Amino acid sequence: MPLVTSTEMFKKAYEGGYAIGAFNVNNMEIIQGITEAAMEEKAPLILQVSKGARNYANPTYLKKLVEAAVEETGLPICLHLDHGDSFETCKSCIDGGFTSVMIDGSSLPFEENIALAKKVVDYAHDRGVVVEAELGRLAGIEDEVKVSAENSSYTRPEEVEEFVGRTGVDSLAIAIGTSHGAYKFKYGTNPKLRFDILEEVSKRLPGFPIVLHGASSVIPEFVEMINKYGGNMPGALGVPEEQLRKAASMAVCKINIDSDLRLAMTATIRKYFAEHPDHFDPRQYLGPARTAIKEMVRHKIVDVLGCNGKA
Ligand code: G3H
Ligand code: 13P
Ligand code: ZN
């Protein structure tokens, strides 16, 4: 099966009350860990590539690795550009064979966000590629751009119909209290997503797929392991899994996960070196890291997203 768009995946996810996992990929072991779990759990999958990932790994390498995963697993896989920052970046991915792109104009004024998204949609749709855009602004760090809590803002539900109507985007990322990175909420507080906003957005856009960025749960087991083996991540806190499950049962069809992959990999490698200080063969520590990613992704698919058996 060739790479697919997310259209069918989202339609079924919306109707079925579950969500598709969109996992960020940066190298071979990450791609293998994610896709092996998805294959064993028969889960549809979105693999997403950020601008930072393109700079790190080279777009051609990433595309070929994802193609290898498609060949190995036979799964419906959508290859998505995460946080595209310009028309040119989106065009380059569309021309390079991506099946989905995000144009992130969330920091722009409303009219400029619309104009940019529309330009990308026109180019993408002519070539069979789907487009995600964002309204509202998440706090956190992405591609070295730090958005402070004060500069973040919830999505305004009264804007979504006009935005989707005028741009023609295929899915919409909204800000309901999640943020990028491993420090999403103040430690000791009770993290609460704004489900009232999600509800209001989905009332205004019936049947339309919503995307949740910054949706890692910052799995405590991995944070503890990092801290135990020489790391220093006090106060790391993510989105509680029951709130992700609730979002997945509502209009959220795509849940973005990167930080949990990083934590799984880093925790495993830290532990490995603490226990084997004399080892230096990368396969010895990247192998367990890949397995940790696989099991973490399996947990997300089965226990959080509910997309197992839906491929
Ligand atoms: O939303 C951001 C993702 O976690 C990607 O992060 O830009 O550092 O690759 P990155
Ligand atoms: P996390 O940092 O919560 O994993 O979010 C990732 C993301 O939104 C990628 O676009
Ligand atoms: Zn994001």
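The structure we're discussing is the one just above.
Residues numbered from 1 in each chain as written. Chains lettered and ligands numbered in written order. Predicted model: local features only at pLDDT ≥ 70, side-chain atom pairs only at ≥ 80, totals over all residues. Heavy atoms only, no water.

### As for the coordination of the zinc ion (ligand 3)
Six octahedral donors around a metal ideally sit at 90 or 180 degrees from one another, while four tetrahedral donors ideally sit at 109.5 degrees.
1) Next: Only His83 (NE2), His180 (NE2) and His213 (ND1) from the protein reach the zinc ion (ligand 3) as donors, at distances of 2.0 to 2.1 Å.
2) Next: Read in sequence order, the donor residues for the zinc ion (ligand 3) give the motif H-x96-H-x32-H. In this pair, histidine 180 sits in the loop between strand S8 (171-174) and helix H8 (195-204) while histidine 213 sits in the loop between strand S9 (210-212) and helix H9 (220-228), placing the two residues 33 residues apart along the sequence. Each of the two residues, histidine 180 as well as histidine 213, counts as buried. (Donors = N, O, S within 2.8 Å, 3.2 Å for Na, K, Ca; no water. Helix = DSSP H or I, 4+ residues; strand = E, 2+ residues; numbered from the N terminus. Buried < 20%, exposed > 50% of the residue type's maximum accessible area, 1.4 Å probe, protein only.)

### Some remarks on helix H12 (residues 282-305)
1) Next: When the terminal C-alpha atoms of H12 are compared, their 32 Å separation across 24 residues agrees well with the 34 Å that a helix rising 1.5 Å per residue should span.
2) Next: Phi turns positive, to about 75 degrees, at glycine 306, one or two residues after H12. (Expected span 1.5 Å × (residues − 1).)

### Some points on the pattern of salt bridges
1) Next: Applying the stated criterion across every chain yields a total of 22 salt bridges.
2) Next: Between glutamate 40 and arginine 298 there is a salt bridge, and its shortest N-O distance comes to 2.8 Å. Here the residue glutamate 40 occupies a position in helix H2 (residues 28-40), and arginine 298 occupies one in helix H12, the gap between them amounting to 258 residues.
3) Next: Residue glutamate 40 is classed as partly exposed on the basis of its relative accessible area, which comes to 41%.
4) Next: Residue class for arginine 298 comes out buried when judged on its relative accessible area of 18%.
5) Next: Linked by salt bridges that have partners in common, Glu36, Glu40, Glu41, Lys294, Glu295 and Arg298 make up one network. (Salt bridge = Lys/Arg side-chain N within 4 Å of Asp/Glu carboxyl O.)

### What to know about the nonpolar core
1) Next: Counting residues in hydrophobic clusters, the biggest one holds 105 residues, and the most contacted among them are Ile34, Leu172, Leu198 and Ile210.
2) Next: Residue contributions to this core peak at nine residues, all from H12.
3) Next: Filtering out sequence-adjacent residues up to four positions away, isoleucine 34 remains in contact with Phe23, Asn24, Val25, Leu45, Leu47, Leu261, Ile293 and Val297. (Core = buried A, V, L, I, M, F, W, Y, C linked by side-chain atoms within 4.5 Å. Contact = heavy atoms within 4.5 Å.)

### Description of the pairing of strand S10 (residues 252-257)
1) Next: A large share of S10 lies buried, amounting to six of its six residues.
2) Next: In this sheet, S10 lies alongside strand S1 (residues 20-24) in parallel orientation, the contact comprising four bridges. Residue isoleucine 20 lies in a different strand from S10, and its bridge partner there is lysine 254.
3) Next: Pairing between S9 and S10: three bridges, direction parallel. Bridge assignment links isoleucine 210 to a residue of S10, and that residue is valine 252. (Pairing = 2+ DSSP bridges.)

### Some details on the site of ligand 2
1) Next: With respect to spatial proximity, 16 residues lie near ligand 2, and among them Asp82, Lys184, Ser216, Asp258 and Ser259 are the closest.
2) Next: The side chain of aspartate 82 places a nitrogen or oxygen atom 2.7 Å from an oxygen atom of ligand 2.
3) Next: Backbone polar atom of serine 259 to an oxygen atom of ligand 2: 2.6 Å apart, as the coordinates give it.
4) Next: Contact with the protein chains hides 96% of the accessible area of ligand 2, taken as 300 Å² for the molecule alone.
5) Next: Residue assignment for the shell around ligand 2 shows that the elements contributing at least two residues are strand S3 (77-84) and S10.
6) Next: Of the residues that constitute the shell around ligand 2, the class distribution is two nonpolar, eleven polar and three charged. (Near = heavy atom within 4 Å. Polar contact = N/O pair within 3.5 Å; in protein donor to acceptor, adjacent residues only side chain to side chain. Areas by Shrake-Rupley, 256 points an atom, 1.4 Å probe, with all protein chains shown as cover. Nonpolar A, V, L, I, M, F, W, Y, C, P; charged D, E, K, R; others polar.)

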